[in-house]
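# Breakdown of the fold
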Amino acid sequence: MKSFLVTTLGCKVNTYESQAMKEILLNNGYVEDYINPSLIIINTCAVTSVAEHKSRQKTSSYAKKFPNAIIVVCGCSTNIHPEDYQKMDFAHIIMSNNNHEDILKLIDEYNKTHKQVFAVDNNKRQRKYQNLRISSFDEQVRAFVKIGDGCNNFCSYCIIPFSRGNLRSRDKDEILCEISRLIENNYQEIVITGIDSASYGLEFDNYRFNDLLEDIMQIKGLKRLRISSIEASQIDDRFISLLKKYPAIAPHLHIPLQSGSDTVLQRMKRKYICEEFYQKIKKIKEELPDVALACDVIVGFPQETEEEFLQTYNFIKKCGFAFLHVFPYSIRKGTYAATLPNQINDQTKKERVSRLISLGRELSNEYKKKFINKELNVLIESYDKKTGLYHGLSENYLDCYIKSDSNIINTFVKYIYHID
């Protein structure tokens with residue numbers, strides 16, 4: 001029997017691509033099997049050195065656990081360091097993150113030769129968009145839809161443009177058809193995602209991200225749309241007006257900050273200064289007072305002084321984010337930041353991370369208190385037998401726990417919010 005297992009590390013884009021490969025296999029006589037698979041696909045991540053280590057570790061552990069299975073490795077780590085996987089005798093197929101659609105052909109090639117198949121695309125800046133499709137998702141209620149790939153920004157700390165290649169936008173009709181298909185298959189929330197999602201359409205003549213949003217909102221049956229991430233530089237008045245115009249667009253935005261210090265932002269090669277970022281945040285909050293704003297922050301960037309860290313700390317406090325995601329800087333060989341002198345030691349990074357995590361908790365609690373005794377629209381996604389409670393997320397990404405005598409998974413429930 002042709003059976004398989006897919007395991008995914010990393011981002012929503014990886015998750016989407018894993019699902020697409022899964023559907024290719026299911027449509028060609030394979031069955032999913034987590035007990036005794038004959039084929040294992042490990043979709044790797046390279047966003048940090050820790051992520052790459054976990055990817056190699058996962059590959060080794062599956063090879064030991066399932067010695068008779070064909071091991072396929074793909075994803076960003078294979079593109080950045082393919083040589084690490086070529087050295088592994090048990091890595092039978094090494095794929096690029098741009099040829100998932102060739103999975104069957106590569107499996108056939110290995111079955112014919114029983115020699116390691118190496119299929120990594122090294123021409124990273126001249127790729128075309130690979131048109132993967134999905135019709136379902138592992139989650140019962142929520143599905144990710146990939147609208148583009150690649151990134152042209154080249155922030156000084158980031159390895160992903162070297163792995164994913166240049167910006168490529170997906171055909172709008174493919175996106176709209178896929179969302180319609182997922183809605184027909186009873187998915188209540190659609191999350192649009194990409195490496196640099198809101199740069200969608202930059203290579204088109206007259207069609208951009210806001211145009212795509214407007215068209216998505218015309219799809220019959222769409223109940224909730226969530227935007228996975230958007231850069232502050234891509235937020236304009238039209239985008240904010242769309243958020244106000246269409247309540248189905250979740251009032252929850254993930255806006256990467258990375259640093260609240262202008263001098264650090266300059267070394268990071270980000271495309272804004274703090275005041276520009278703050279004015280965007282301020283405008284959004286004025287127009288949408290209940291919006292949940294989340295951000296990423298990198299701590300311990302090369303040469304970061306205590307003064308620069310405190311600038312970041314105070315700027316985050318000023319912005320009043322609802323959710324804060326804190327990451328210690330990770331050296332990525334091949335990036336500009338890796339060549340900078342005065343790298344910050346691990347102990348200093350750890351201490352600064354801890355301080356920001358504490359601030360993040362305070363800000364999150366402040367935000368949640370605003371909604372006590374207010375009605376939220378909650379999409380129920382799971383049930384906990386131990387507590388007897390259903391769990392769901394509100395439109396502004398608050399965890400809600402609800403008691404019900406009937407099965408309410410995959411439905412929207414009006415809920416008066418409280419904090420236990």
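Residues numbered from 1 in each chain as written. Predicted model: local features only at pLDDT ≥ 70, side-chain atom pairs only at ≥ 80, totals over all residues. Heavy atoms only, no water.

Let us now look at the overall build of the chain. Within the chain, the secondary structure is distributed over 13 helices and 18 strands. Here the C-alpha radius of gyration of the chain, 22 Å, is about what a compact globule of 420 residues would show, namely 22 Å. Projected onto its principal axes, the C-alpha coordinates of the chain cover approximately 60 × 60 × 50 Å. Within the span of the chain, comprising 420 residues, buried residues form 55% of the whole. Put simply, 73% of the contacts in the chain that link residues at least 6 apart link residues at least 24 apart. Carbon together with sulfur atoms contributes 50% to the accessible area of the chain, which is approximately 19,200 Å² in total. Taking the average place of the 57 positive charges on the side chains of the chain and the average place of its 53 negative ones, the gap between the two points comes to 2 Å. (Helix = DSSP H or I, 4+ residues; strand = E, 2+ residues; numbered from the N terminus. Rg over C-alpha atoms; globule rule 2.2 N^0.38 Å. Buried < 20%, exposed > 50% of the residue type's maximum accessible area, 1.4 Å probe, protein only. Contact = heavy atoms within 4.5 Å. Areas by Shrake-Rupley, 256 points an atom, 1.4 Å probe, with all protein chains shown as cover. Lys, Arg positive; Asp, Glu negative; His and termini not counted. Charge placed at Lys NZ, Arg CZ, Asp CG, Glu CD.)

All chains considered together, the criterion is met by one cavity of 30 Å³ or more. Of the volumes computed, that of the largest cavity is approximately 50 Å³. For the largest cavity, the full set of lining residues is Ile-147, Gly-148, Asp-149, Gly-150, Leu-167, Arg-168, Ser-169, Gly-194, Ile-195, Asp-196, Ser-197 and Tyr-200. Breaking the lining of the largest cavity down by element, the ones donating at least two residues are strand 8 (148-149) and strand 9 (168-169). A class-by-class count of the residues in the lining of the largest cavity yields four nonpolar, five polar and three charged. (1 Å grid on protein atoms, 1.4 Å probe; cavity = no way out; pocket = protein on both sides within 12 Å on 5 of 7 lines; lining within 4 Å. Points joined across faces, edges and corners; volume = space filled by probe spheres on them. Nonpolar A, V, L, I, M, F, W, Y, C, P; charged D, E, K, R; others polar.)

For His-114, which is not a glycine, the phi torsion comes out positive at approximately 55 degrees. Here His-114 lies in the loop between helix 5 (103-113) and strand 6 (117-119). A positive phi angle, near 65 degrees, is found at Lys-269, a position not held by glycine. If you trace the backbone, Lys-269 turns up in the loop between helix 10 (262-268) and helix 11 (274-287). On the basis of relative accessibility, which here comes to 42%, the residue Lys-269 falls in the partly exposed class.

The buried fraction of helix 8 (residues 209-216) amounts to seven of the eight residues, a majority that puts the element mostly inside the structure. Residues Phe-209, Asn-210, Asp-211, Leu-212, Leu-213, Glu-214 and Ile-216 constitute the buried set of helix 8. Structurally, helix 8 contributes buried residues whose contacts are with helix 7 (172-184), strand 10 (189-193), strand 11 (224-227) and helix 9 (237-245).

Below, the discussion takes up the environment of His-325. Mapped onto the elements of the fold, His-325 is located in strand 14 (residues 323-328). Using a relative accessible area of 33% as the deciding quantity, one classes His-325 as partly exposed. Remark: the alpha-carbon pair of His-325 and Cys-151, spanning 174 residues in sequence, is separated by 21 Å. Setting aside residues up to four positions removed in sequence, His-325 forms contacts with His-254, Ala-294, Cys-295, Asp-296 and Val-297.

Next up on the list: the pattern of salt bridges. Think of it this way: side chains of opposite charge can pair up when their charged atoms draw near. On inspection of all chains with the given rule, the structure shows 28 salt bridges. Among the salt bridges present, the one from Arg-142 reaches Glu-381, with a minimum N-O distance of 2.7 Å. Pair noted here: Arg-142 is in strand 7 (residues 142-146) and Glu-381 is in strand 15 (residues 375-384), with a separation of 239 residues, a long-range link. Judged by relative accessible area, which is 7%, Arg-142 ranks as buried. (Salt bridge = Lys/Arg side-chain N within 4 Å of Asp/Glu carboxyl O.)

Time to look at the side chain of Asp-33. Summarising the element assignment, Asp-33 is placed in the loop between strand 2 (31-32) and strand 3 (39-44). For the buried Asp-33, which has no salt bridge, the nearest side chain bearing the opposite charge is Lys-65, at an N-O separation of 10 Å. Looking at Asp-33, its side chain comes within polar contact range of the main-chain nitrogen of Ile-35, at 2.8 Å. Among the polar contacts made by the side chain of Asp-33, one reaches the main-chain amide nitrogen of Asn-36 at a distance of 3.1 Å. Discounting residues that sit within four places of it in the chain, Asp-33 has contacts with Ser-3, Phe-4 and Leu-5. (Polar contact = N/O pair within 3.5 Å; in protein donor to acceptor, adjacent residues only side chain to side chain.)

Let's shift gears to helix 13 (residues 346-369). Helical geometry note: an α-helix holds 3.6 residues per turn, so side chains three or four residues apart project in the same direction. Taking 1.5 Å per residue as the helical rise, helix 13 with its 24 residues ought to reach 34 Å, and the 35 Å between its terminal C-alpha atoms agrees with that figure. Buried residues of helix 13: Lys-349, Arg-352, Val-353, Leu-356, Leu-359, Gly-360, Leu-363, Ser-364 and Tyr-367, and no others. Tucked into the core, helix 13 has its buried residues touching strand 13 (292-299), helix 12 (306-319) and strand 14. At the N-terminal boundary of helix 13, the capping side chain belongs to Asn-345, with an oxygen 3.1 Å from the backbone nitrogen of Gln-347. (Expected span 1.5 Å × (residues − 1).)

The next point concerns the sheet that holds strand 18 (residues 412-416). What the four strands build is an open sheet, ordered 17-16-15-18; its pairing is antiparallel. The sheet is open, and its two borders are formed by strand 17 (399-402) and strand 18, each paired with just one other strand. Strand-to-strand twist in this sheet, taken as the mean axis angle between neighbours without regard to direction, amounts to 45 degrees. Strand direction decides the pairing type here: strand 15 and strand 16 (residues 389-394), joined by six bridges, are antiparallel. Bridging across to strand 16, Asp-384 finds its partner in Leu-389. (Pairing = 2+ DSSP bridges. Axes fitted to C-alpha atoms, helices over the stretch in contact; angles between N-to-C directions.)

A separate point is the state of the cysteines. Summed over the entire model, instances satisfying the criterion amount to zero disulfides. Free of any disulfide, Cys-295 has its nearest cysteine sulfur in Cys-319, 7.5 Å distant. You can call Cys-295 buried: its relative accessible area is 0%. (Disulfide = S-S within 2.5 Å.)

Moving on, we get to the nonpolar core. By size, the foremost hydrophobic cluster in this structure holds 77 residues, and its most contacted members are Phe-209, Phe-239, Ile-255 and Phe-277. Those residues in contact with Phe-209 that lie beyond four places of it in its chain are Ile-147, Ile-192, Ser-197, Ala-198, Tyr-200, Ile-227, Ile-230 and Phe-239. Counting 18 residues, the second-largest nonpolar core is a separate cluster that includes Phe-4, Met-21, Leu-39 and Leu-106. (Core = buried A, V, L, I, M, F, W, Y, C linked by side-chain atoms within 4.5 Å.)

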